[in-house]
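The residues making up each chain are set out below.
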Amino acid sequence: AWAAVRPRRETAAWAVARNLPADPADAGLEAEAWTLRRPDGVELEAWTIRSPGPFEPGRPRVPLIVLAHGWYRGRRSMLRRLPHVLPLAERVVLYDARGHGESGGRSTLGVAEPDDLLAVAEAASTGPDAGPVILAGWSLGGTAAIVAASRPEARRRIGGVVAVAPVADLTDAVAARMRQFDASPRLLLPPVRWVLRRLGAWPAAPLTDAAAVAVPV
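Residues numbered from 1 in each chain as written. Predicted model: local features only at pLDDT ≥ 70, side-chain atom pairs only at ≥ 80, totals over all residues. Heavy atoms only, no water.

Q: Go over the overall build of the protein chain with me, naming the residues and quoting the values.
A: A tally of helices and strands in the protein chain yields 8 helices and 6 strands. In sequence order, the secondary structure elements of the protein chain are arranged as α-α-β-β-β-α-α-β-α-β-α-β-α-α. Compactness check: the protein chain gives a C-alpha radius of gyration of 17 Å against a globular reference of 17 Å for 217 residues, within 12% of the reference. Reported as C-alpha extents along the three principal axes, the dimensions of the protein chain are approximately 55 × 45 × 30 Å. (Helix = DSSP H or I, 4+ residues; strand = E, 2+ residues; numbered from the N terminus. Rg over C-alpha atoms; globule rule 2.2 N^0.38 Å.)

Laid out in structure tokens, this is it:
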């Protein structure tokens, strides 16, 4: 249970050890690094990357796409997504979710992450002409994107959601992880679930509010 809320972190050292880009500059991109402090004191580390172009004539672009990584991943893992995403947007934001990468706190497995994602999108799209924001997430990040877009306050800023393999049921996800290590979900899942709930890291039903999303998904 403790490993679930404090997963392995993808830091710059992690990337260098695997011969991967440690930051956008290593991938030949210019980026602005910034930090968002949440109401509970957790600091989220982010990059804003402006698309270098050239853009394909007639191909629609959106002002901003925010990418949300999955559990035990980080913004450095998302750098490899940029060749496919940058041609679609003027700017792209990558950030480390709480408890991941270089951000503070610990993961809440979908409890606080949707509000964090919405706050990152809001902070990166200030100004009256900021335009709609697209949230794109993988795994737990996909779930966070859907839940974030269901919030009433998201309707004035979020223009669409892309969710790749979102986690619909945390019980199934945790049980599948246990089976990877030849552990018995029947025996271990109840105490693990109890501990995670005590840690504030067990959302009741991650996608219950999906029907409230008012934008294309």
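Q: Could you give an account of the pattern of salt bridges, naming the residues involved and the relevant values?
A: Scanning the entire structure with this criterion turns up 12 salt bridges. Asp116 serves as the salt-bridge partner of Arg38, at 2.7 Å between the closest nitrogen and oxygen. Separated by 78 residues along the polypeptide, Arg38 in the loop between strand S1 (31-37) and strand S2 (43-50) and Asp116 in helix H5 (residues 113-124) bring together distant segments of the chain. We classify Asp116 as buried; its relative accessible area is 2%. A network of salt bridges, in which partner residues are shared, links Arg38, Asp40, Arg98 and Asp116. (Salt bridge = Lys/Arg side-chain N within 4 Å of Asp/Glu carboxyl O. Buried < 20%, exposed > 50% of the residue type's maximum accessible area, 1.4 Å probe, protein only.)

Q: Requested: an account of helix H8 (residues 185-198), with residues and values cited.
A: For an α-helix, the turn length of 3.6 residues means that residues three or four places apart are oriented alike. Taking 1.5 Å of rise per residue, the 14 residues of H8 would be expected to cover 20 Å, and the 19 Å separating its terminal C-alpha atoms lies within 8% of that figure. When H8 is considered as a whole, its buried residues turn out to be Pro185, Leu189, Val192 and Leu196. Down the axis, H8 shows its buried residues gathered within 80° of arc, on one side only. More than 90 degrees from the buried face of H8, the exposed residues found are Leu187, Trp194 and Arg198. Close packing links the buried residues of H8 with helix H1 (2-5) and helix H7 (170-180). Once H8 finishes, Gly200 follows within two positions and takes phi at roughly 70°, a positive value. (Expected span 1.5 Å × (residues − 1). Arc of directions from axis to C-beta. Contact = heavy atoms within 4.5 Å.)

Q: Account for unusual backbone geometry, with residues named and values stated.
A: Of note, Asn19 is a non-glycine position whose phi angle comes to about 60°, a positive value. Positionally, Asn19 belongs in the loop between helix H2 (12-17) and S1. For Ala165, which is not glycine, the phi torsion reads 50° and is therefore positive.

Q: Hey, could you go over the environment of Thr108 for me, with residue numbers and the actual values?
A: Mapped onto the elements, Thr108 comes out in the loop between strand S4 (89-95) and H5. Once the C-alpha coordinates of Thr108 and Arg197 are considered, the two residues, 89 residues apart in sequence, prove to be 9.4 Å apart. Not counting the four nearest positions on each side in its chain, Thr108 is found in contact with Arg98, Glu113, Gly200, Ala201, Trp202 and Pro203. Polar contacts involving the side chain of Thr108 include one to the side chain of Glu113, which spans 2.5 Å. (Polar contact = N/O pair within 3.5 Å; in protein donor to acceptor, adjacent residues only side chain to side chain.)

Q: Explain the sheet that holds S2 residue by residue, including any values.
A: Sheets are built from strands paired through backbone hydrogen bonds, the pairs being either parallel or antiparallel. If you walk across this open sheet you meet the 6 strands as S1-S2-S4-S3-S5-S6, and the pairing is mixed. In this open sheet, the two strands that pair with only one neighbour each are S1 and strand S6 (158-164). Adjacent strand axes in the sheet meet at a mean angle of 20°, parallel and antiparallel pairs treated alike. Summarising the sheet, S2 and S4 pair through 5 bridges and their orientation is antiparallel. Within the sheet, the bridge partner assigned to Ala46 lies in S4 and is Tyr95. (Pairing = 2+ DSSP bridges. Axes fitted to C-alpha atoms, helices over the stretch in contact; angles between N-to-C directions.)

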